[in-house]
Amino acid sequence: MKKPTKPPPTNKTLSREDLLHYLKTSDPKELADLYRFADGVRKEYMGDDIHIRGLMNISSYCSRECLYCGLRNSNPATIRYRMEEGDILAAVEQACETGYKTILMQSGEDEFYTEEKVASIVRAIYKRFDAAIGLSFGERPAPVLRRWFDEGACRYLIKHETSDPELYAKLHPGMDYGKRQAVLVTLKEIGYQVGSGIMIGLPGQTYESVADDIVLFRDLDIDMIGCGPYIHNPETPLKHTTPDRERFIQPLDEYVLRVTALNRIVTKDTMIPATTALNVLSPETGARDALSAGANVVMFDITPTAVKKHYTIYPKTAFSDGIADYTILKKNLEAKARRPAGTGYGHREKKR
Ligand code: SAH
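What comes next concerns the included structure. (Residues numbered from 1 in each chain as written. Predicted model: local features only at pLDDT ≥ 70, side-chain atom pairs only at ≥ 80, totals over all residues. Heavy atoms only, no water.)

A short note on the nonpolar core
Counting 92 residues, the largest nonpolar core has Tyr100, Ile103, Met105, Leu135, Trp148, Tyr156 and Tyr192 as its most contacted members. Counting 17 residues, the second largest nonpolar core, distinct from the first, contains Cys62, Cys66, Leu167 and Tyr311. (Core = buried A, V, L, I, M, F, W, Y, C linked by side-chain atoms within 4.5 Å. Buried < 20%, exposed > 50% of the residue type's maximum accessible area, 1.4 Å probe, protein only.)

Looking at the site of the ligand
The immediate surroundings of the ligand are formed by 18 residues, with Tyr68, Ser107, Glu161, Arg180 and Ile231 found nearest. At 3.0 Å from a nitrogen atom of the ligand is found a main-chain nitrogen or oxygen belonging to Tyr68. In the environment of the ligand, a nitrogen atom lies 2.8 Å from a nitrogen or oxygen atom belonging to the backbone of Ser107. Burial of the ligand by the protein amounts to 92% of the accessible area it has alone, namely 560 Å². Of the residues contributing to the shell around the ligand, the split by class is nine nonpolar, five polar and four charged. (Near = heavy atom within 4 Å. Polar contact = N/O pair within 3.5 Å; in protein donor to acceptor, adjacent residues only side chain to side chain. Areas by Shrake-Rupley, 256 points an atom, 1.4 Å probe, with all protein chains shown as cover. Nonpolar A, V, L, I, M, F, W, Y, C, P; charged D, E, K, R; others polar.)

Side note on the environment of Arg42
Here Arg42 lies in helix 2 (residues 28-46). What makes Arg42 buried here is its relative accessible area of 2%. Separated by 275 residues in the primary sequence, Arg42 and Thr317 place their C-alpha atoms 32 Å from one another. Beyond its immediate sequence surroundings of up to four residues, Arg42 is in contact with Gly47, Asp48, Arg264, Leu291, Gly294, Ala295, Asn296 and Arg339. At a separation of 2.8 Å, a polar atom in the side chain of Arg42 contacts the main-chain carbonyl oxygen of Gly47. Of the polar contacts made by the side chain of Arg42, one reaches the side chain of Asp48; its length is 2.8 Å. (Helix = DSSP H or I, 4+ residues; strand = E, 2+ residues; numbered from the N terminus. Contact = heavy atoms within 4.5 Å.)

Examining helix 4 (residues 115-128)
In an α-helix, one turn spans 3.6 residues, which is why side chains three or four residues apart end up on the same side. When the terminal C-alpha atoms of helix 4 are compared, their 20 Å separation across 14 residues agrees well with the 20 Å that a helix rising 1.5 Å per residue should span. Looking at helix 4, one finds that the buried residues are Val118, Ala119, Ile121, Val122, Ala124 and Ile125. Where helix 4 is buried, its residues touch helix 3 (85-98), strand 2 (102-107), strand 3 (132-136) and helix 5 (142-151). (Expected span 1.5 Å × (residues − 1).)

Here's the deal with the pairing of strand 2
Most of strand 2 is tucked away: six of the six residues are buried. Side chains Thr102, Leu104 and Gln106 of strand 2 all project onto a buried face; the interleaved residues Ile103, Met105 and Ser107 project onto the opposite face, where all are buried too. As defined by bridge partners, strand 1 (residues 51-59) adjoins strand 2 across five bridges and the pair is classed as parallel. Among the inter-strand pairings, Gly54 is bridged to a residue of strand 2, identified as Ile103. Crossover connection from strand 1 via helix 3 to parallel strand 2: handedness right-handed. With five bridges joining them, strand 2 and strand 3 adopt parallel strand pairing. (Pairing = 2+ DSSP bridges. Right-handed = clockwise from strand over helix to strand, strands pointing away.)

Here's the deal with the packing of aromatic side chains
Tallied over the full model, the rule gives nine aromatic pairs. Pairing Phe112 with Tyr113 gives two aromatic rings, centres 5.0 Å apart and planes at 85 degrees, and the pair type is edge-to-face. Assessed through its relative accessible area of 22%, Phe112 is described here as partly exposed. The class for Tyr113 is buried, based on a relative accessible area of 2%. Judged by centre distance (6.3 Å) and plane angle (75 degrees), the ring pair of Phe300 and Tyr326 falls under edge-to-face. One end of the pair, Phe300, is in strand 7 (residues 297-301); the other, Tyr326, is in helix 13 (residues 326-337), with 26 residues separating them in the sequence. Each member of the pair Phe300 and Tyr326 is classed as buried. Among the aromatic residues, those joined into a cluster by ring pairs are Phe112, Tyr113, Phe137 and Trp148. (Phe/Tyr/Trp six-rings, centres within 6.5 Å; stacked < 30°, edge-to-face > 60°.)

Some points on the side chain of Gln205
Inspection of the secondary structure assignment puts Gln205 in the loop between strand 5 (193-200) and helix 8 (207-219). Accessibility expressed as a relative area gives 0% for Gln205, which makes it buried. Within the structure, Gln205 has its side chain in polar contact with the backbone oxygen of Met199 (distance 2.9 Å). Within the structure, Gln205 has its side chain in polar contact with the backbone nitrogen of Gly201 (distance 2.6 Å). Discounting chain neighbours no more than four positions away, the residues touching Gln205 are Glu161, Leu167, Ile198, Met199, Ile200, Val210, Asp213, Arg247, Phe248 and Ile249.

A closer look at helix 5
Those residues of helix 5 not exposed but buried are Val144, Leu145, Trp148 and Glu151. Projected onto a plane normal to the axis of helix 5, the buried residues spread over an arc of 125 degrees and lie on a single side. Opposite the packed face of helix 5, turned more than 90 degrees from it, sit the exposed residues Pro143 and Asp150. On its buried face, helix 5 sits against helix 4, strand 3, strand 4 (155-157) and helix 7 (177-190). Trailing helix 5 by a residue or two, Gly152 shows a phi angle of about 130 degrees, which is positive. (Arc of directions from axis to C-beta.)

Comments concerning the sheet that holds strand 2
The sheet built from seven strands is open, its strands ordered 6-5-4-3-2-1-7 with parallel pairing. The open sheet has two edge strands with one neighbour each: strand 6 (224-229) and strand 7. Between one strand and the next, the sheet's axes are offset by a mean angle of 25 degrees, whatever the strand orientation. Across the sheet, helix 8 touches strand 5 and strand 6, and the angle it forms with strand 5 is around 175 degrees. (Axes fitted to C-alpha atoms, helices over the stretch in contact; angles between N-to-C directions.)

Note that all results are geometric; they support no functional claim without further evidence.
Written out as structure tokens, the structure is:
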């Protein structure tokens with residue numbers, strides 16, 4: 001084992017070896033130093049504002065078969081719903097009246113939402129409401145992504161999930177590792193603020209591959225980096241964890257915090273959420289701890305209450321109402337993190 005080292009100053013980039021060291025260390029003092037250091041980088045580059053996003057899951061249909069995800073096409077346990085344009089616009093109107101400045105629409109890979117349908121939705125939101133528009137609809141052809149950008153969407157989220165090509169292939173039947181990453185490059189070229197991310201503790205995921213993921217975020221200049229824990233979904237074919245802890249990273253909150261902190265130190269001026277999945281794992285402390293280890297973004301679920309429980313990527317028992325409970329959710333967040341919620345759009349502004 002390498003001798004413990006202190007986190008280096010911000011003007012020095014962490015090497016892959018440094019990343020591995022921090023992913024594997026069991027020294028609590030070293031981890032506390034890492035989190036504190038990442039918090040300082042966050043403050044220096046991003047200030048204190050916590051950027052709140054409204055997340056609307058518009059469809060639980062999905063044509064894919066990702067082994068870890070409850071929305072997978074062949075899962076009979078998932079109840080499928082779709083929001084039509086009228087429902088979406090009504091929900092966006094409510095969200096904007098409530099105070100949201102970012103609306104992120106997410107769904108399974110659902111061809112029901114054609115180029116035209118999404119273009120029309122984006123155009124209407126752009127014209128009528130004062131909010132940044134983010135999309136997360138999976139892999140779409142470059143001209144379609146460009147069209148949606150031209151209509152007014154400015155952010156697109158598509159996680160590369162893991163930078164290990166073999167693990168990617170195992171978990172994503174019929175999908176192509178290279179193609180997924182090519183979409184990230186295309187999105188950057190179009191001009192989107194691009195979100196990517198991984199799940200931490202996927203069965204078979206090595207520490208080395210997570211170090212590679214962090215390097216990839218930096219090399220692709222990803223604007224928003226969301227890394228949450230893998231949460232076992234019993235309705236999927238994937239088993240819970242890989243027991244060999246020496247080789248394989250586990251889906252534990254402490255690893256999520258390490259990755260959050262390392263992402264902040266390596267990428268400095270990016271948008272980093274305290275992920276929703278981390279809150280599922282640690283409802284009391286997840287958001288607070290991530291926000292003091294480098295994170296500066298939080299998503300509130302603004303999916304209409306009638307359907308929100310059906311977006312079952314993983315099992316969930318508690319559902320917050322990002323519309324009715326907005327004020328209390330925001331107050332609790334500010335009190336826990338001891339930092340204010342931002343009042344702007346929360347765009348990424350490059351500072352390095
Ligand atoms: N169709 C979109 C959105 C998919 S759902 C897309 O392809 O980008 C959003 C994210 O949920 C996925 O990117 C994945 O990282 C996460 N997810 C799915 N199943 C999960 C699980 N069991 N545990 C944790 N995160 C999961």
